[in-house]
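Spelled out from the first residue to the last, the chains are:
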Amino acid sequence: MLRSSFKIAADENAEIQNTSTGCRRDVSALPIAFPNNDVLEQQARNLWDLSLCQRTKQTYRSALQSFITFMNMSGIQGSIMCLPSISEDHLIYFATHCKNSKNLQHDTIKMYIAGVRYHYLRAGLNDHTAGTERLPYIMRGIKKSQNNVSRNRLPITSEVLKRLCNLLSTGVFSPFMDLMLQCAFVTAFFGFLRCGEFTCKTKDDYLNCVIIDDVEISLLHDRFVLKLKTSKTDPFRLGVH
């Protein structure tokens, strides 16, 4: 009798466990084909765009365009909308092409490789730079071959700044241009600014251009506060003063 009762209880427990396991499997299982969702897709694209600053995106796009042109010249057809299938060899040849034919520096070539990687990942393709064993040696060789090229850069001292401002005061360009350059030189010198923090490539670049609203002048006109829209120390582009 005890054995019979124990057997019934064991069967009941087994039945309950099977039911519980089946429920967990149904809850955690993913659908075979994820349904298309235009809203989520657009939101994901926006997050991709927000992951990089505007200048980095422009550089990465130029890198991809240069890579596509190189591939087409090599007989492998492709476009920005239809990326060609590549391997580590293609990246090695592209890096070599950038050095010898385009005369690019190591840092620029490294940025171009990163740009190609970014666009392939965004397209849902494999990361062809992951696990590469030969490409790092090629990049190291490019860096060592360019170390003998030295550029003599002299610092902008207070004496050099004074001579620049005195020269602009005599009239070199237009009155507006001379005054603007003096303001830019003095602000950059005393504010320890990088060129990319207060300059822009085009006048329509409203995201990076410094406008009059970014300057707060004190009531006594003895000082001012400049707001930078982009800075290397401000990765989230919140603005720094």
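Residues numbered from 1 in each chain as written. Predicted model: local features only at pLDDT ≥ 70, side-chain atom pairs only at ≥ 80, totals over all residues. Heavy atoms only, no water.

**Q** Can you break down the side chain of Gln146 residue by residue, with the values?
**A** As for its position among the elements, Gln146 is in the loop between helix 6 (135–145) and helix 7 (158–169). Residue classification places Gln146 among the buried residues on the basis of a relative accessible area of 13%. Engagement of the side chain of Gln146 in a polar contact is seen with the backbone oxygen of Leu104, the distance being 3.0 Å. (Helix = DSSP H or I, 4+ residues; strand = E, 2+ residues; numbered from the N terminus. Buried < 20%, exposed > 50% of the residue type's maximum accessible area, 1.4 Å probe, protein only. Polar contact = N/O pair within 3.5 Å; in protein donor to acceptor, adjacent residues only side chain to side chain.)

**Q** Outline the layout of surface pockets, supporting the account with residue identities and numerical values.
**A** Estimated volume of the largest pocket: approximately 1000 Å³. Around the largest pocket sit 32 residues that line it, and Met180, Cys183, Ala184, Thr187 and Phe198 are the ones nearest its centre. Elements represented by at least two residues in the lining of the largest pocket include exactly helix 7, helix 8 (175–191), helix 9 (195–198), strand 1 (215–217) and strand 2 (224–226). When grouped by side-chain class, the residues that make up the lining of the largest pocket number 26 nonpolar, four polar and two charged. (1 Å grid on protein atoms, 1.4 Å probe; cavity = no way out; pocket = protein on both sides within 12 Å on 5 of 7 lines; lining within 4 Å. Points joined across faces, edges and corners; volume = space filled by probe spheres on them. Nonpolar A, V, L, I, M, F, W, Y, C, P; charged D, E, K, R; others polar.)

**Q** An account of the pattern of salt bridges is needed here, citing residue identities and associated values.
**A** Any two side chains of opposite charge can pair if their charged atoms end up close together. This structure, assessed with the given rule, holds five salt bridges. With a shortest N-O distance of 3.1 Å, Asp49 and Arg122 are connected by a salt bridge. With Asp49 in helix 2 (residues 38–50) and Arg122 in helix 5 (residues 106–122), this residue pair connects regions lying 73 residues apart in the sequence. Residues Arg134 and Asp89 are paired through a salt bridge, measuring 2.8 Å at the closest nitrogen-oxygen approach. Of this pair, Arg134 sits in the loop between helix 5 and helix 6 while Asp89 is found in helix 4 (residues 88–100), placing the two residues 45 residues apart along the sequence. (Salt bridge = Lys/Arg side-chain N within 4 Å of Asp/Glu carboxyl O.)

**Q** Lay out the UniProt feature "transmembrane region" (unreviewed entry) in the protein in plain terms, naming residues and giving numbers.
**A** Mapped onto this structure's residue numbering, the UniProt feature "transmembrane region" (unreviewed entry) falls at residues 172–193. The span residues 172–193 is 77% helical and 0% strand by assignment, and the distance between its end C-alpha atoms comes to 24 Å. (UniProt positions renumbered as here; feature names shortened; annotations may be inferred.)

**Q** Account for the packing of helix 7 against helix 8, with residues named and values stated.
**A** Orientation of helix 7 relative to helix 8, taken along the N-to-C sense of each, is 165 degrees, at an axis distance of 9 Å. On the basis of the axis angle, helix 7 is roughly antiparallel to helix 8. Seen from above, helix 7 lies across helix 8 with left-handed handedness. Note on element contacts: helix 8 touches helix 7 through Asp178, Leu181, Gln182, Phe185, Val186, Phe189 and Phe190, opposite Ser158, Leu161, Leu164, Cys165, Leu168 and Ser169. (Axes fitted to C-alpha atoms, helices over the stretch in contact; angles between N-to-C directions. Parallel < 35°, antiparallel > 145°, perpendicular 65-115°, else oblique. Left-handed = near helix turned anticlockwise from the far one by under 90°. Contact = heavy atoms within 4.5 Å.)

**Q** Run through the packing of aromatic side chains, naming residues and quoting values.
**A** All told, the structure shown has six aromatic pairs when counted by the stated rule. Ring centres of Tyr60 and Tyr118 lie 5.5 Å apart, and the angle between their planes is 45 degrees; this geometry places the pair in the tilted category. Taken together, the positions of Tyr60 in helix 3 (residues 54–73) and Tyr118 in helix 5 put the pair 58 residues apart, joining distant regions of the chain. What makes Tyr60 buried here is its relative accessible area of 11%. Connected via pairs of aromatic rings, a cluster forms that spans Phe67, Phe70, Phe94 and Tyr120. (Phe/Tyr/Trp six-rings, centres within 6.5 Å; stacked < 30°, edge-to-face > 60°.)

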